[in-house]
Amino acid sequence: MEVSRELNKQANEYISHYPNDQKRSASLPLLHLLQQEHGYINEESMNWVAEKLDIEPIHVLELGTFYPGFRQTAPGKYHIRVCRTLSCAMAGCYETMEKFCEVAGIDRSRVTHHNPIAVSEDGKFSIEFAECLASCGTGPVCLIGDEFYESVNAENVAELIEKYD
Amino acid sequence: MSAVKKQTEDLVNVQVDGHWIQVKKGTRMIEACKQASAEVPHYCYHPKLTSPGNCRMCLVEMGMPPRPAPGQEAELDNDGHAKISWMPRPVIACANSVAEGMGIRTQSTLAKECREGVMEFLLINHPLDCPICDQAGECTLQEYSVEHGKGESRFLENKVKKPKNVDIGPRIRLDDERCVLCSRCVRFTREIVDDDVLGFVDRGSHSVLTVHPDKPLANNYSLNTVDICPVGALTSNDFRFKMRVWFMRETKSVCNGCARGCNILISSRENKIYRQTPRENNEVNSSWMCDSGRLNYHFLESGARLTDPMIKKGKSHETVDWPQAIRRAAEGLLKYKGDEIAIIASARMTNEELYLVRVLADTLGTRNVDTLKCHGEGDDYLSHEDKRPNTNGAKVILKLSSPGSKINSIKRDIESGSIKALLVYGENIASKGFDDGVLSNLKFLVTSHILANPTAKLSGIVLPGAGYAEKRGSMINATGRLQLLNKAIEPPGNSRDDWEILQDLNRAMDGKDFIYELADLFSEMASVVPALKGLTLSGIGEKGVPVIETGETIPLLEREAQRVKQGLIAG
Ligand code: SF4
Ligand code: SF4
Ligand code: FES
Ligand code: FES
């Protein structure tokens, strides 16, 4: 797998934070780097990490599949994460989710535990539920990319989506 | 009332279910319970592997004597031991060690409730397909459910579906729904055979065991994971769906795949072998064996098995009965004198058989006696480069300092015509340089084999022998340990146990009295072979006895001993 020069440099920098015989500790930071660059991680990127850290690929696979924060399929240009934990659920996040899908043209009918991300046909938006985003008082909340929005009710979804193109 | 035994340097007093025992310092609680014959149910714990403590099945109640306040004496119980104050929470017995004065309760209400709880969780997503599961009958999930389970389910939701019948390597299938995530298989591949290919992916109730997509579980020790899997999640392609375990008879024997001599259990029913599994011997193979040795038994079922003695007539062989075959073989050999005769025996033969070869050679007066040297690939675990199980037996019994060293001169003498008669026992020499061109110089060739092969084809007389699982006898492995083979099944057709064939051949020449028991033959041999002096066949026992010093060590056992020393495993 090809990675950019900068990514490689950054990866080496992270690896240097750990003792030489414990390079494995850099697995998580490296996975994050790859996800930032590619939007998600796949088998290839996990193998790249394993090779880079000189560890067995199964260890990276175990790690990469453990955290829902790591996406294993490609998201759209803008990735939306709607909180569904208790407070947000009570504040109406399921309606928010439905509205997002309607406005962005996303079909969530094929979403499963193993494949939580749904992408719009034009590839512009993708969406998934997330667990508590730590702003329970102002639910429903969501993240679009790295931007955080509070009190996202079904009514203001369309307006929000318009900001992105 | 038992008197209090003093704590010594390396022993501590521990109370298990009300009884005080002394165990070695540093002993795992679970092992201390075992010593006190108190069973602690467990899944993830295996004495040869590290203890991750992840299944929680081994929870027990634990207590320690409280530290007395300054100036106060410890309060004593009726036995004179310091009174134990019990902890309100359970602890896992597999990963914690004992301490002086510790109390363990394996049968208290707390311990029992813990087991019930753990069992209930384990069964939540379990498919309960025991009726079609190979593990049924030797499954600890089944056993503990009966003993420690609730008997009925309170679970109202849908079970999580997981992958079934997953091909994770050439010899193993995985059923993820049956897996209890104990990680024994993962630790085996990591810690014992350095082939880190298994792992758990995903999390929570979706967690599954998996093999890395690019790296199948294909190492030569992979089937050991099937043995240590406490449930039916890992099954052997060779054994699955073939036989219910409770129908099989288990025979303790020794693998004949190489000079290691791994101790095994042969499971058979109605004269058919269904599987072989390792039998623990901490001086030989620990709890493991290699896949090639394990699956080696199939050659015994080969269609090429020789089932009748045969004599060559023109270009083909015809079947004869044993008395005729033996008489003709004896006559054929007796036509020649001393070194006109050669014997090529095999280090696949038992000591008793080799001893009869030695007697035969003495009767015939030949010094041309040797075995073939058969080396192949060994490894850093168990598999030995010497692919014959009894080379050391051949050394001490046939008095060969270097087996195989006379083979070339025997070949030369056959070619020159000075050796005229040859007896080959259990080796297909035609594939080892003794081709038609060499063997056609002989006046007389008698051989014994298990399978039809080119050597048999060239022989004047062919004597069909028995395979390693079809006979009893002793062998000496690479580290000089005398071990016992036991008979699991009968040899097919009219083929016979080799010591009987060889004895018949001997008696046809020397006219001495017959020996009717293998044990008596062993004793006769022990009286003339210094290394076996004073031993008896029954004295060999299930785990063998060391008889010669070979200076060899077993790499896998060395590493295990190291891990025991480091406290990583109980051993
Ligand atoms: S497959 Fe068997 S040994 Fe491996 S984790 Fe599952 S239950 Fe344990
Ligand atoms: S290591 Fe040798 S003796 Fe042990 S199982 Fe394998 S072939 Fe048999
Ligand atoms: S529940 Fe949604 S932010 Fe905490
Ligand atoms: S045996 Fe699994 S936690 Fe102790």
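Residues numbered from 1 in each chain as written. Chains lettered and ligands numbered in written order. Predicted model: local features only at pLDDT ≥ 70, side-chain atom pairs only at ≥ 80, totals over all residues. Heavy atoms only, no water.

Focus on the overall build of chain B
Quick note on the threshold: By definition, any uninterrupted DSSP run of H or I lasting at least four residues is a helix, any uninterrupted run of E lasting at least two residues is a strand, and each is numbered from the N terminus. Exposure classes here rest on a 1.4 Å probe applied to the protein chains alone. A residue is buried below 20% of its type maximum, exposed above 50%, and partly exposed in between. Surface accessibility in these figures is a Shrake-Rupley result with a 1.4 Å probe; residues are shielded only by whichever protein chains are displayed. Within this scheme the basic residues Lys and Arg register as positive and the acidic residues Asp and Glu register as negative, but His and the chain ends are omitted. Taken as the charge location is NZ of Lys, CZ of Arg, CG of Asp or CD of Glu.
Per the secondary structure count, chain B includes 15 helices and 24 strands. For the C-alpha atoms alone, the extent of chain B along its principal axes is close to 95 × 55 × 35 Å. Going through the 571 residues of chain B one by one, you find that 54% of them count as buried. Carbon together with sulfur atoms contributes 50% to the accessible area of chain B, which is approximately 25,300 Å² in total. One way to put it: in chain B the 74 positive side-chain charges average out to a point 2 Å from where the 75 negative ones average out.

Quick look at the pattern of salt bridges
Residue and element names in this part refer to chain B. Our working definition: Criterion for a salt bridge: a side-chain nitrogen of Lys or Arg within 4 Å of a carboxyl oxygen of Asp or Glu.
Going through the model one piece at a time under the given rule, you end up with 36 salt bridges over all chains. A salt bridge links Asp167 to Arg173; the shortest N-O distance between them is 3.8 Å. The closest approach of N and O atoms between Arg367 and Asp339, which form a salt bridge, is 2.3 Å. In this pair, Arg367 is assigned in the loop between α8 (351-364) and β18 (368-371) and Asp339 in the loop between α7 (322-334) and β17 (341-345), connecting sequence segments 28 residues apart. The exposed category is assigned to Arg367, whose relative accessible area is 62%. Residues participating in the shared-partner salt-bridge network are Asp129, Lys161, Lys164, Asp175, Glu177 and Arg178.

A short note on the sheet that holds strand β14 (residues 272-278) of chain B
All names here are of chain B. Formally: For two strands to be treated as a pair, DSSP must find at least two bridges joining them. Axis lines are fitted to C-alpha atoms, over the contacting stretch for helices. Their N-to-C directions set the angle, which ranges from 0 to 180 degrees.
If you trace the three strands from one edge of the open sheet to the other, you get β12-β13-β14, paired in antiparallel fashion. What marks the edges here is a single partner per strand, and that holds for β12 (249-254) and β14. Strand-to-strand, the axes of this sheet are offset by a mean angle of 30°, without reference to chain direction. Looking at chain direction, strand β13 (residues 263-269) and β14 are connected through six bridges and run antiparallel. Along β14, the bridge assignment pairs Ser267 with Arg275.

Structural notes on the layout of surface pockets
Residues and elements named next belong to chain B. Put simply, the test is: Grid spacing is 1 Å over the protein atoms alone, the probe is 1.4 Å, and a cavity is where that probe fits but cannot get out, while a pocket is an open set with protein on both sides within 12 Å along at least five of seven lines and lining residues have an atom within 4 Å of a point. Grid points are joined across faces, edges and corners, and a volume is the space filled by probe spheres set on the points. Three categories are distinguished: nonpolar for Ala, Val, Leu, Ile, Met, Phe, Trp, Tyr, Cys and Pro, charged for Asp, Glu, Lys and Arg, and polar for the others, with Gly belonging to the last.
Empty space within the largest pocket amounts to approximately 1,100 Å³. Surrounding the largest pocket, 44 residues form its lining, His46, Arg184, Asp227, Ile228 and Pro278 being those nearest its centre. Only α1 (29-35), α3 (140-148), α5 (224-228), β11 (234-236), β14 and α6 (291-295) provide two or more residues apiece to the lining of the largest pocket. Broken down by element, the residue count for the lining of the largest pocket peaks at four residues, all from β14. Per-class residue counts for the lining of the largest pocket are 17 nonpolar, 11 polar and 16 charged.

Considerations on the site of ligand 1
Residues and elements named next belong to chain B. Basically, it comes down to this: When at least one non-hydrogen atom of a residue lies within 4 Å of a molecule or strand, that residue is treated as near it. What decides whether a molecule sits in a cavity or pocket is whether more than half of its atoms lie within 2 Å of the grid points.
If you check the shell around ligand 1, you find 14 residues, and the closest are Cys179, Cys182, Ser183, Cys185 and Cys229. Of all the cavities here, the one that holds ligand 1 is the largest cavity. Tallied by class, residues from the shell around ligand 1 come to 12 nonpolar, one polar and one charged.

A few points about empty space enclosed by the protein
Residues and elements named next belong to chain B. Evaluated as defined, the whole model comprises two cavities of 30 Å³ or more. The volume enclosed by the largest cavity comes to roughly 80 Å³. Forming the boundary of the largest cavity are 13 residues, of which Cys179, Cys182, Cys185, Cys229 and Ala233 lie nearest the centre. In terms of residue class, the lining of the largest cavity is built from 12 nonpolar, one polar and no charged. In this structure, the second largest cavity occupies an estimated 30 Å³ of space. Considering the residues around the second largest cavity, the lining is formed by Val254, Cys255, Gly261, Pro389, Met475, Ile476, Asn477 and Gln483. Grouping the amino acids of the lining of the second largest cavity by side-chain chemistry returns five nonpolar, three polar and no charged.

Brief notes about helix α1 (residues 5-15) of chain A
Residue and element names in this part refer to chain A. This is how it is decided: The arc refers to the directions leading from the helix axis to the C-beta atoms. Here a residue-residue contact requires only that any non-hydrogen atoms of the pair lie within 4.5 Å.
Of all the positions in α1, only Leu7, Ala11 and Ile15 are classed as buried. Looking straight down α1, one finds that the buried residues subtend no more than 75° of arc, so they occupy a single side. Counted as exposed and oriented over 90 degrees from the buried face of α1: Arg5, Glu6 and Lys9. Its buried side turned inward, α1 meets α2 (27-38) and α3 (43-53).

So, the nonpolar core
Residue and element names in this part refer to chain B. Put simply, the rule is: Put simply, buried Ala, Val, Leu, Ile, Met, Phe, Trp, Tyr and Cys residues joined by side-chain atoms within 4.5 Å make one nonpolar core.
Core analysis: the largest hydrophobic core is formed by 53 residues, its most contacted members being Leu333, Val357, Val446, Leu505 and Leu532. A total of eight residues in this core trace back to one element, the largest contributor, which is α8. Setting aside chain neighbours within four positions, we find Leu532 in contact with Ile476, Leu482, Met525, Ala526 and Val547. With 30 residues, the next largest nonpolar core counts Tyr43, Val197, Leu223 and Val231 among its residues.

Digging into the site of ligand 2
The environment of ligand 2 is formed by Cys255(B), Gly257(B), Cys258(B), Arg260(B), Gly261(B), Cys262(B), Met289(B), Cys290(B), Gly293(B), Leu382(B) and Ser383(B). In terms of residue class, the shell around ligand 2 is built from six nonpolar, four polar and one charged.

Structural notes on the interface of chain B and chain A
Using the following cut-off: Accessible area, probed at 1.4 Å, shrinks when two parts are joined; the buried area is that loss added up over both. Whenever two N or O atoms come within 3.5 Å, that pair is a polar contact, provided that in protein one can donate a hydrogen and the other can accept it, and provided that, for residues adjacent in sequence, both atoms are side-chain atoms.
Contact residues are listed per partner, giving 16 residues for chain B and 14 residues for chain A. Carbon and sulfur atoms make up 53% of the surface buried where chain B meets chain A, a total of about 1,400 Å² over both sides. Looking only at chain B, the three residues that lose the most surface to chain A are Asp202(B), Arg203(B) and His212(B), adding up to 40% of its buried area. Our enumeration of links across chain B and chain A arrives at two salt bridges. Ionic pairing is found between Arg190(B) and Glu62(A), a salt bridge with its closest N-O pair at 3.4 Å. For the pair chain B and chain A, the number of links is 11 residue pairs in polar contact (both at pLDDT 80 or more). Of all the secondary-structure elements, those providing two or more residues to the side of chain B that touches chain A are β9 (198-201) and β10 (208-211) of chain B. The element that contributes the greatest number of residues to the side of chain B that touches chain A is β9(B), accounting for four residues. Along the lines of polarity and charge, the residues of the side of chain B that touches chain A split into six nonpolar, four polar and six charged.

Structural measurements only, silent on function.
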